[in-house]
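In case you want the letters, here they are:
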Amino acid sequence: MVLQTTNTRDALVAEVRHRILNGSLEPGTPLTEQGLATTFGVARPTVRSALQELVARHLVERSDGRSLRVPVLTSADVRDLFTVRLPLELTAVRLLAGRSLDGVWAALSVLEALPAGAGWSERVEAHTAFHLALVDAAGSVRLSRIYPPLQEEMQLCLARLRGSYPDPGALAVEHRRLLEAIASGNPASAEAEMRDHLERARDGLLDL
């Protein structure tokens, strides 16, 4: 027997998060307790708790001190996110020397196995799982602790690429090239590929 452990609040968090990342809830969309309670048929206290969780994960923001909305990321936000992200992932690449990459290859396989018709939110999730696996493989408990919250915000960036990415399948190609550079055993080459990978992603977002 498989136990169902998802409660209503967690299910609501997951659904609102999904809608934000797939673009159904666009940046700037107001999120009210009453509106969400009516849409999903749940009690307002449940909505309030779910929204508090989404705010803590930086997937919902306060626009004027009180009202909540889907975050609107500015160019300055994008630059700041990558300013923090780059040294963390470069550190991970340096620590990966001689360590097992099995978990990262498995995450890449999931990204590569997505069908052509997969939704953008599915690609975002698989992309995020790849980078989380990469950081976890580095073997630093504290790096693995501080990195995931940053990826929550990074997913908002990726959501912005929906509809403008030239070939969704190219995500897998880019990440295979990155992982092959890391697996090559040449730290300088791996760090250079990671830097190029993240700078291309940042510049692509700034061009939107």
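Look a little higher up for the structure.
Here's what I pulled together on the structure shown here. Bear in mind that the values here come from a model prediction, so they are computed numbers and not experimental data.

What follows is about the sheet that holds strand β2 (residues 61-62). Strands belonging to one sheet form pairs held by backbone hydrogen bonds; the direction of such a pair is parallel or antiparallel. An order of β1-β3-β2 is seen for the 3 strands of this open sheet, with the pairing classed as antiparallel. This sheet does not close on itself; its edge strands, each paired only once, are β1 (30-31) and β2. Relative to strand β3 (residues 68-69), β1 runs antiparallel, the two sharing 2 bridges. The partner of Leu31 across the bridge, within β3, is Leu68.

Moving on: the pattern of salt bridges. It is possible for side chains bearing opposite charge to pair when their charged atoms get close. In total, this model carries 17 salt bridges according to the counting rule given. One salt bridge in this structure joins Glu125 and Arg17, with 2.6 Å as the shortest N-O distance. In this pair, Glu125 sits in helix α6 (residues 120-137) while Arg17 sits in helix α1 (residues 8-21), placing the two residues 108 residues apart along the sequence. The class of Arg17 is buried, set by a relative accessible area of 13%. Between Glu191 and Arg94 there is a salt bridge, and its shortest N-O distance comes to 3.1 Å. One end of the pair, Glu191, is in helix α9 (residues 187-206); the other, Arg94, is in helix α4 (residues 75-95), with 97 residues separating them in the sequence. By relative accessible area, Arg94 is classed as partly exposed at 45%.

Looking at the secondary structure, you find Gln151 in helix α7 (residues 141-160). Setting aside chain neighbours within four positions, we find Gln151 in contact with Arg85, Glu89, Thr128, His131 and Leu132.

Attention now moves to the nonpolar core. Residues Val104 and Ile182 are the most contacted members of the largest nonpolar core, which totals 55 residues. Of the residues forming this core, the biggest block, 8 residues, is contributed by α4. Setting aside chain neighbours within four positions, we find Ile182 in contact with Val93, Leu96, Leu101, Leu134 and Ala190. Membership of the second largest hydrophobic core comes to 5 residues, among which are Leu111, Leu114, Ala118 and Ala172.

Spanning 12 residues, helix α5 (residues 102-113) covers 16 Å between terminal C-alpha atoms, matching the ideal 16 Å at 1.5 Å per step. Among the residues of α5, Val104, Ala107, Leu108 and Leu111 are the ones counted as buried. Within α5, the buried residues cover an arc of 100° as seen down the axis, which keeps them to one side. Exposed positions of α5 whose direction lies more than 90 degrees from the buried face are Asp102 and Ala113. Of the surrounding secondary structure, the elements contacted by the buried residues of α5 are α6 and α8 (170-183).

Analysis parameters
- Residues numbered from 1 in each chain as written.
- Predicted model: local features only at pLDDT ≥ 70, side-chain atom pairs only at ≥ 80, totals over all residues.
- Heavy atoms only, no water.
- Pairing = 2+ DSSP bridges.
- Helix = DSSP H or I, 4+ residues; strand = E, 2+ residues; numbered from the N terminus.
- Salt bridge = Lys/Arg side-chain N within 4 Å of Asp/Glu carboxyl O.
- Buried < 20%, exposed > 50% of the residue type's maximum accessible area, 1.4 Å probe, protein only.
- Contact = heavy atoms within 4.5 Å.
- Core = buried A, V, L, I, M, F, W, Y, C linked by side-chain atoms within 4.5 Å.
- Expected span 1.5 Å × (residues − 1).
- Arc of directions from axis to C-beta.

Limitation: the analysis is restricted to geometry and does not speak to function.
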